[in-house]
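Residue strings, one per chain:
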Amino acid sequence: VYEVHEIVVQKVGHVPLAKGDFTHLPKKVKIFLAHCVQLCKPRGIYICDGSAEEADEIIHKLLERGTLTRLTKYKNNYLCRTDPDDVARVESKTFITTANKYDSVPHVREGVKSALGCWMSPEDMKVELDHRFPGCMSGRMMYVIPFCMGPLGSPLSKIGVQVTDSNYVLLCMRVMTRVSPKVWELLGDDDFVKCIHSMGCPRPVQRRVKNHWPCNPEKVIIAHFPEERKIKSFGSGYGGNSLLGKKCFALRIASVIARDEGWMAEHMLIMSITTPKGKEYFVSAAFPSACGKTNLAMLNPSLPGFRIQCVGDDIAWMKFDEKGVLHGINPEAGFFGVAPGTNMKTNPNAVLSFQENSIFTNVGETADGGYFWEGLEDEVPPGIGITTWLGQPWHIGCPGKAAHPNSRFTCPASQCPIIHPKWEDPKGVPISAIIFGGRRPTGVPLVFEAKSWAHGVMIGACVKSEATAAAEFQGKTIMHDPMAMRPFMGYNFGHYLQHWLDLEKPDRKMPKIFHVNWFRLDNNGRFLWPGFGDNIRVLDWILRRVDGDASIAVDSPVGWIPKKGSIDLSGLGSINEDELFSLPHDYWLEDSRESRSFLKSQVGPDCPPIIYRLLEDQEAAFVKQ
Ligand code: SAT
Ligand code: MN
């Protein structure tokens, strides 16, 4: 112990402490930081306290340097333009490292590349990291961020410590997580998730820095060590790669902790719906990235008498309590939402959430100091001059786009006008239904309901969606995204499905499981369903099913579907109900086979047999028709 202390004192002796008190940190934190200093060789250590003064100081520095621009139209809103080569998650460079490969990824069919996570051996990973991390913070400050995922002190919360050489990352972590010196007290001698992040651009820089955004796109790597509860991320400052509390911790590492401890860490929003009769329900919903989780979580209902409140828009941690009721918390403290398409019509509550204290990344800027992106054409002065995310002059009607398709707003959840009063309740909120969905232009009805928990797990395992801009994929191919967790799995997906199945116990009130699709197109390529605020009509049906109304559903090979006329379509004009709910025979026969073949090749023997059986049953039902 004394020796460790010696190292720390020596190293801190060499590397000055720019801020904070090292001597009072928990011992395990000191050991971790001593390791980080020795490895990354920063010029100074800055222990963050989460205070408003700290934010002011960092913002001031970034404004001076030019990394941030003040958006003068609002109070305390800032624009950041990244290096154009650092704009999304890099799934091809995201790895899970465990001693045993099949703890991380399933046994895939011979010659097939795993689509459900990439494993790298500890030996190979060591070589990769040894090429990158030694001296990576040279000439830069190392910020030490104590953070809590979930409300401080909640039994469902978990603590992490992130070091980073990016003060943009620090600013965003302060919005997205709870950064506070109280974390040190809460932590005591306990273990924490160790998060090491570097932009990978030590001084003197070897690479031309664009937009005052030092990064290292050629050498990006995001490495997860679930057994050690550790994350090492190098080369990128983009949210999903660098705000390590978010996808890396709250999904990949937490899914492993959740399996070990018997709970769930999911890529899900949590929302509350109060019906005109005054009864409140909470539901969670899993959609792939950029499929509208934020819009659903903050929905502005078009049916009178309904009220929506938001608990979270991206990640849910859920655990059955002693009474057998599933309770969920939002482990995050902010929203990191897709900007394009967000406006006062599609999501007024999001717009109202980011009028102050927010950071906009890779959006355009109007001449009057406002943000701009595709979808805001009707909400800015006509003809106004705009600067694109690439810094080019532009105006509405010009070719090209003003904002990057994966540009983002980062704002405190507490600023959402419909944030639920219980959003920070340490107990979490009781979940009555789980909804899966994706962008499915053809074949998939507006809503259907699983016949059992296991059937719902099968439906989740077969989630597919059009590719989005949140990662490096191009084009609009339909991709499998089982449980909306494809890019975020922390362990063998077959074991994960088994974990879901094992959660069902006789003394538990299992939430009902549904699948929705807002994105079905007609023969002319037009949406069959208006979506957005009208999705309340689907939620209304779902809640009546949660309450056990048998008169509103009919049996089908994919599950229970709404009986004609049972969804309230009043005031909607012409809706082609038959087309919206049809189950095209050939489509579903092919889809069932394709899903089974996907699971066979990607999850193979690790996939629980009941999932195969349920898919075979579905296929057989279509064969018979
Ligand atoms: O991973 S991010 O947090 O950048 C957004 C997403 O893909 O869901
Ligand atoms: Mn997400």
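Residues numbered from 1 in each chain as written. Chains lettered and ligands numbered in written order. Predicted model: local features only at pLDDT ≥ 70, side-chain atom pairs only at ≥ 80, totals over all residues. Heavy atoms only, no water.

Novice: Now, about the packing of aromatic side chains: what can you tell me, with residues and values included?
Specialist: Each aromatic ring pair is characterised by the separation of its centres together with the angle its planes make. In the structure shown here, the tally under the stated rule is 28 aromatic pairs. Ring plane angle 80° and centroid distance 5.7 Å describe the contact between Phe-354 and Trp-373, whose orientation is recorded as edge-to-face. Of this pair, Phe-354 sits in the loop between helix 11 (348-353) and strand 19 (359-361) while Trp-373 sits in the loop between strand 21 (371-372) and strand 22 (386-387), and the two are 19 residues apart along the sequence. You'll find Phe-354 and Trp-373 in the same group, each marked buried. Ring geometry for Tyr-587 versus Trp-588: centroids 6.0 Å apart, planes at 75°, classification edge-to-face. Here Tyr-587 falls in the partly exposed class, since its relative accessible area comes to 24%. Accessibility expressed as a relative area gives 5% for Trp-588, which makes it buried. Three or more aromatic residues joined by ring pairs form one cluster here, namely Tyr-74, Phe-354, Phe-360, Tyr-371, Trp-373 and Phe-409. A cation over an aromatic ring shows up here: Lys-230 above the ring of Phe-225, its NZ or CZ 5.6 Å from the ring centre. The residue whose ring lies beneath Lys-600 is Tyr-612, and the NZ or CZ to ring-centre distance is 3.8 Å. (Phe/Tyr/Trp six-rings, centres within 6.5 Å; stacked < 30°, edge-to-face > 60°. Helix = DSSP H or I, 4+ residues; strand = E, 2+ residues; numbered from the N terminus. Buried < 20%, exposed > 50% of the residue type's maximum accessible area, 1.4 Å probe, protein only. Lys NZ or Arg CZ within 6 Å of the ring centre and 35° of its normal.)

Novice: Give me the lowdown on the packing of helix 12 (residues 453-461) against helix 13 (residues 493-502), citing residues and values where you can.
Specialist: For any two helices packed against each other, one specifies the inter-axial angle together with the distance between the axes. Interaxial distance between helix 12 and helix 13 falls to 9 Å at its minimum, and their mutual angle equals 155°. As summarised for this structure, helix 12 and helix 13 are arranged roughly antiparallel, according to the angle between their axes. In this structure, helix 12 crosses over helix 13, and the sense of that crossing is right-handed. Contact residues: Trp-453, Ala-454, Val-457 and Ala-461 in helix 12; Leu-497, Trp-500 and Leu-501 in helix 13. The residue makeup of the contact of helix 12 with helix 13, split by class, is seven nonpolar, no polar and no charged. (Axes fitted to C-alpha atoms, helices over the stretch in contact; angles between N-to-C directions. Parallel < 35°, antiparallel > 145°, perpendicular 65-115°, else oblique. Left-handed = near helix turned anticlockwise from the far one by under 90°. Contact = heavy atoms within 4.5 Å. Nonpolar A, V, L, I, M, F, W, Y, C, P; charged D, E, K, R; others polar.)

Novice: For the site of ligand 1, give the residues involved together with the corresponding values.
Specialist: In the region of ligand 1, 10 residues are neighbours, and Arg-89, Tyr-238, Lys-246, Lys-247 and Ser-289 sit closest. Residue Tyr-238 places a side-chain N or O atom 2.7 Å away from an oxygen atom belonging to ligand 1. In the environment of ligand 1, an oxygen atom lies 3.2 Å from a nitrogen or oxygen atom belonging to the backbone of Gly-240. Protein chains bury 98% of the 250 Å² of accessible surface belonging to ligand 1 in isolation. Split into classes, the residues belonging to the shell around ligand 1 amount to three nonpolar, three polar and four charged. (Near = heavy atom within 4 Å. Polar contact = N/O pair within 3.5 Å; in protein donor to acceptor, adjacent residues only side chain to side chain. Areas by Shrake-Rupley, 256 points an atom, 1.4 Å probe, with all protein chains shown as cover.)

Geometric values such as these leave the question of function open.
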